[in-house]
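Architecture at a glance
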2 protein chains.
Amino acid sequence: MSKSAHRTRRGREKRRAERKRPRVTQLPYIQRKIPLMELLNEEGLDQIENNSEQILEEIGMDFRGDPEILGLWRDAGADVQGERVHIPRGLCKQALKTAPSQFIHYARNPERSVQIGGDAIVFAPVAGAPFVFDLDKGRRYGTLQDFQNLTRLVQMSPAMHHAGYFSCEPTDVAVNQRHLDLIYTLVRYTDKPIIGAHGQASQAEESLLMSRMVFGDDFVDDNVVSMVNVNVNSPLVLDETMMQLLKVYARQNQAVIITPAVLTGAMGPVTVAGCLAQLHAETLAGMSLVQLINPGAPVIYGGFIGSVSMQTGAPTFGTAENAHALMVIGQLARRLNIPVRSGGALTSSKTADAQAAYESMQMMLTSVMSGINLMFHSAGWLEGGLVTGYEKLIIDADRLVMLQRLAEGIDMSENAQAMEALREVGPGGHFLGCNHTQKNYLSAFQDSKLTDTSSFEQWQTEGNMTTEQRANKIWKQMLKEYEAPPLDVTIDEALQAFIQEKKASTADVLI
Amino acid sequence: MSKSAHRTRRGREKRRAERKRPRVTQLPYIQRKIPLMELLNEEGLDQIENNSEQILEEIGMDFRGDPEILGLWRDAGADVQGERVHIPRGLCKQALKTAPSQFIHYARNPERSVQIGGDAIVFAPVAGAPFVFDLDKGRRYGTLQDFQNLTRLVQMSPAMHHAGYFSCEPTDVAVNQRHLDLIYTLVRYTDKPIIGAHGQASQAEESLLMSRMVFGDDFVDDNVVSMVNVNVNSPLVLDETMMQLLKVYARQNQAVIITPAVLTGAMGPVTVAGCLAQLHAETLAGMSLVQLINPGAPVIYGGFIGSVSMQTGAPTFGTAENAHALMVIGQLARRLNIPVRSGGALTSSKTADAQAAYESMQMMLTSVMSGINLMFHSAGWLEGGLVTGYEKLIIDADRLVMLQRLAEGIDMSENAQAMEALREVGPGGHFLGCNHTQKNYLSAFQDSKLTDTSSFEQWQTEGNMTTEQRANKIWKQMLKEYEAPPLDVTIDEALQAFIQEKKASTADVLI
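What comes next is a walk through the structure. Predicted model only: the values in this text are computed from it and were never measured.

Here's the deal with the interface of chain A and chain B
Listed by partner, the interface residues are 119 residues for chain A and 118 residues for chain B. Interface area for chain A against chain B, summed over the two sides, is near 9,100 Å², with a carbon-plus-sulfur share of 69%. The tally of links from chain A across to chain B stands at eight salt bridges. A salt bridge links B:Lys350 to A:Asp452, with the nearest nitrogen and oxygen atoms 2.7 Å apart. Linking chain A with chain B are 38 residue pairs in polar contact (both at pLDDT 80 or more), by the criterion used here. Sort the elements by how many residues they give to the side of chain A that touches chain B and helix α12 (residues 354-369) of chain A lands first, with 12 residues. Partitioning the side of chain A that touches chain B into residue classes produces 55 nonpolar, 43 polar and 21 charged.

What follows is the structure, encoded as structure tokens:
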């Protein structure tokens, strides 16, 4: 046998062995190695910051229904008139000096713990949709079964680093008991980091009790195992429910995200620069409040941006203005040295079609290039957040793998420079069979089960399916293959007993 | 009547008048005001450049079938061995000192002329597809009728600044006469800048003769009214046909784009850094050759990047590696101070679905953020360039309007800062009806006829159409509304007479 035939056979065996290596089931959180889009110069950022401080001092912000919090503001030096708080210039920035620039958000499987802040990027799924959609059963109210399925899919998606909170509303569970099933499902069906219960303060307390059963009291006292998203009721109002939530999480050292949910033209000015000043004022005040309650508690700067159609009043996403806002939000948060979250694959489309993908991709790619640390709604969002799409989740999750690779930058090693390959192949040759390609082909490009690159004829033979139709097959296959991550039986039983007890003591309330 | 009712009525009348203003039919070329993604640092760029120079000197490049060009290289100081040319380090950079950093590409309507280079961004449609696709008639060979229709749609798309060349192949026209109908259609149906004929040198000559009939000899001698895309036969070969084309355009001072059409892993190394060194070597050599032929003739750095699937050998687009390559291509061209083109809305999808949009958007947005000056294939591309989609063209063109707005940056004027609006509305108010919104709502967001933001119920009532289905309605309506731009009758007659004469003197060759 010739030497080269030998080499070929060895190469083939090696490739066969490599193909048998276990498939990637989970990627670590992203450590960004690409530079950032810095849309505004220092002068522009100064201007926005200055406007925010002026808004807080001159116009003020309402903190409704919570005398304790008004007292905290007064003690910190703010001018409190009824429920309106005028915050002197510089007070918030001073208060935020105790906020950590980054922290670890622990998962029950330590390998799944993620860094929030710095150069880290973490993807979490859609949250909060009352409806679900799939190609088989169409659009309908979400159920606990749907939530369990979606959580399984999230667990199996390699570039979903975080399990989020409620990838759909389980509307068949009593609203006052829903948080118990949500947290249990997240703990039982995934081992990724999770968000805590929203809603009433008592529900938040109970969800943190459940986290304590999983992690142990000592660990929870010193580490972040849960977080909450506190929405500002824009413009410039924090209401009682949100402040209650904020207090529960802040006092237990769990992370609080302050997110003004602003649609420009409705809850904020119709112009981006104006909206950003308002949003910055609101996040500054909210995050400072956390520090006033518990100095050093982790906070996250929340930047959720959409617009309102001036023709119909409907929310719109994936616009140029939304992209501009995202870029500046990243810059403003970095100036404060505080982690930042964004919305991700946002769209107002009803179905996982071209509009959905165009809008979602624009928001996702802009997020990654804007240094966003935690991207919520990064997979599954449809119809302005009213619907979680099974197929959309799969399609977005596939793109997240691509975005992870994009964010991790370019390989400039000697191997990647490939000078030997160029010498070997030379003018007019081809690289398909060269040594360098054989050595690198497995890791050269990201792989996708979803993307179709076949010929037209092959595609026809396979049923000329759209991406949505292929995604439909994939999620059904994934649910068949799903295996629950191991969970200590003692913990499982304790959680179930807790839930049973709580459910027994409350009447069902369905909405 | 109260003062405020007065104001409301006046506002309503004003809005009604504004709605009646003529719709935007064309946007000027983009003057980029957002910063650039600078993926590699200086050290990385030095490394790529250094590798390119080493490739040219040590490995060399083949210039096949043209002794004249080998002579030019020899005279310039290269080491010519047969058809292989070893170009000493520094020679290309020296030769490129005569290449203009930017120039005007003239349209027959002076208002449509575009700047190529600097901070300008110009969008041109898909080129070169033998097939077309629409939802009514499916996938089929392109005809002259299709080409005329596509050219009409390009003319009517506001953010398509350039008409390109052959948005589909009119396969029902004899291949040796096709260029005549292509150029005539572009001149007659649009008044945007156009690309000249490719193919044989005689066809290129004839297409430039036709441009001379439109613009006049004196004007063409001194100005760019046409351009050609010269593909390097990667790796490292320029073949005879391409060099003939290059010579025709370079000698008449028309712009030459040097585009290595590289699919990484096939015509270039499987790693991005290696592929970039090769691509840079090839463009350096091609653009230098133009300067050796006619110092000062305009050249464009061409960066078309895809990959080859290591599973199937099929071309793939919109990958993370493609995005990395695009970003660096922008940097390398800027270092040379030479305009740069890219592919645009590339995808291997067969239909204008989510995959098509995800892949296309990733390439388009990355192009814009990478400082690409001329984006070819920015609308209509399907199936790796084999197919031009009518619906895809409409969907992409809609996104181009968004990208134009994105690239033009954020408004930081006092009006945009909206401090008066924030004072007027205050905590807990809403911005929909405030003075600032009324004053700005028409220009606040880009408008789209294609994007659906309605409620689910409304969407259902209107026939629950996908984006592709809506695009189908739009292009048919556009063709109904199309009006040809005026063309001087003398010019029109001269062109027709020229075509008749040329067609009479050649036999039909259909392929």
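Here we look at the side chain of B:His179
All names here are of chain B. Of note, His179 is situated in helix α6 (residues 178-189). Judged by relative accessible area, His179 falls into the buried class, the value being 4%. Polar side-chain contacts of His179 include one of 2.7 Å to the side chain of Glu206. Setting aside residues up to four positions removed in sequence, His179 forms contacts with Tyr165, Ala197, Gln203 and Glu206.

Observations regarding the packing of aromatic side chains
Taken as a whole and judged by the stated rule, the model has 22 aromatic pairs over all chains. Between B:Tyr390 and B:Trp475, the aromatic rings sit 4.5 Å apart at their centres with planes inclined by 45°, giving tilted as the arrangement. One end of the pair, B:Tyr390, is in helix α13 (residues 390-407); the other, B:Trp475, is in helix α18 (residues 467-481), with 85 residues separating them in the sequence. By way of ring pairs, the aromatic residues A:Tyr106, A:Phe215 and A:Phe219 are connected into one cluster.

A closer look at the side chain of A:Gln417
Take A:Gln417: it is sitting in helix α14 (residues 414-417). Look past the residues within four positions of A:Gln417 in its chain and what remains in contact with it is A:Met412, A:Leu422, B:Gln47, B:Asn51, B:Ala273 and B:Gly274.

Remarks on the relation of the copies chain A and chain B
The pair of chain copies shares a relation made of a rotation about an axis and a shift along it. With an RMSD of 0.0 Å, the operation that places chain A on chain B is a rotation of 180° combined with a shift of 0.0 Å along the axis. One copy is carried onto the other by what is essentially a two-fold rotation axis. Ranked by how close their C-alpha atoms come to the rotation axis, the residues of chain A are headed by A:Ala354, at 2.3 Å.

Details of the pattern of salt bridges
By the definition in use, this model includes 56 salt bridges over all chains. Residue B:Glu38 pairs with B:Arg334 through a salt bridge whose shortest N-O separation is 3.3 Å. With a gap of 296 residues between them, B:Glu38 in the loop between β1 (30-31) and α2 (42-59) and B:Arg334 in helix α11 (residues 320-336) connect regions that are remote in the sequence. Of the residues examined, B:Glu38 reaches a relative accessible area of 36% and is grouped as partly exposed. On the basis of relative accessibility, which here comes to 28%, the residue B:Arg334 falls in the partly exposed class. Residues participating in the shared-partner salt-bridge network are A:Glu42, A:Asp46, A:Glu49, A:Lys93 and A:Arg335.

Let's talk about helix α7 (residues 201-215) of chain B
The α-helix advances 3.6 residues per turn, and as a result positions three or four apart in sequence lie on the same side. Residues and elements named next belong to chain B. With 15 residues, α7 should reach 21 Å at 1.5 Å per residue; the first-to-last C-alpha distance of 21 Å fits that figure. Within α7, the full set of buried residues consists of Gln203, Ala204, Glu206, Ser207, Leu208, Met210, Ser211, Arg212 and Val214. Considering only its buried residues, α7 is in contact with α6, α8 (217-222), α9 (240-251) and α19 (489-504).

Focus: the sheet that holds strand β17 (residues 381-382) of chain B
Residues and elements named next belong to chain B. Within the open sheet, the four strands sit side by side as β9-β8-β18-β17. Their pairing is mixed. Whereas interior strands pair on both sides, the edge strands pair on one side only; in this sheet they are β9 (138-141) and β17. As paired strands, β17 and strand β18 (residues 387-389) are joined by two bridges and run antiparallel to one another. Opposite Leu382, over in β18, you have Val387 as the bridge partner.

With respect to the pairing of strand β13 (residues 299-308) of chain B
Residue and element names in this part refer to chain B. Taking burial as the measure, the 10 residues of β13 include 10 buried ones, the bulk of the element. Residue alternation in β13 divides its side chains into two sets, Val299, Tyr301, Gly303, Ile305 and Ser307 and Ile300, Gly302, Phe304, Gly306 and Val308, and both sets are buried. Inspection of the sheet shows strand β12 (residues 255-264) paired to β13 by seven bridges, in the parallel sense. Each bridged residue has a counterpart across the sheet, and for Ile257 the counterpart in β13 is Ile300. Chirality of the crossover, the property in question, places the unit of β12, helix α10 (residues 272-293) and β13 among those that are right-handed. One ladder, built from three bridges, connects β13 with strand β15 (residues 340-342); its direction is parallel. Each residue of the ladder has a partner; that of Gly302, found in β15, is Arg341. Between β13 and strand β14 (residues 315-316), which pair antiparallel in sequence order, lie six residues; one of them, Gly313, sits at a positive phi of approximately 80°.

Side note on the pairing of strand β8 (residues 131-134) of chain B
All names here are of chain B. Here β8 shows two buried faces, one formed by Phe131 and Phe133 and the other by Val132 and Asp134. As judged from the four bridges shared by β8 and β9, these two strands associate in the antiparallel manner. In the strand pairing of β9, Asp134 is matched with Gly138. As consecutive antiparallel partners, β8 and β9 are separated by three residues. As paired elements, β8 and β18 share three bridges and run parallel to each other.

Rules and cut-offs
- Residues numbered from 1 in each chain as written.
- Chains lettered and ligands numbered in written order.
- Predicted model: local features only at pLDDT ≥ 70, side-chain atom pairs only at ≥ 80, totals over all residues.
- Heavy atoms only, no water.
- Contact = heavy atoms within 4.5 Å.
- Buried area = accessible area lost by both parts, 1.4 Å probe.
- Salt bridge = Lys/Arg side-chain N within 4 Å of Asp/Glu carboxyl O.
- Polar contact = N/O pair within 3.5 Å; in protein donor to acceptor, adjacent residues only side chain to side chain.
- Helix = DSSP H or I, 4+ residues; strand = E, 2+ residues; numbered from the N terminus.
- Nonpolar A, V, L, I, M, F, W, Y, C, P; charged D, E, K, R; others polar.
- Buried < 20%, exposed > 50% of the residue type's maximum accessible area, 1.4 Å probe, protein only.
- Phe/Tyr/Trp six-rings, centres within 6.5 Å; stacked < 30°, edge-to-face > 60°.
- Least-squares fit on C-alpha atoms with pLDDT ≥ 70 in both.
- Expected span 1.5 Å × (residues − 1).
- Pairing = 2+ DSSP bridges.
- Right-handed = clockwise from strand over helix to strand, strands pointing away.

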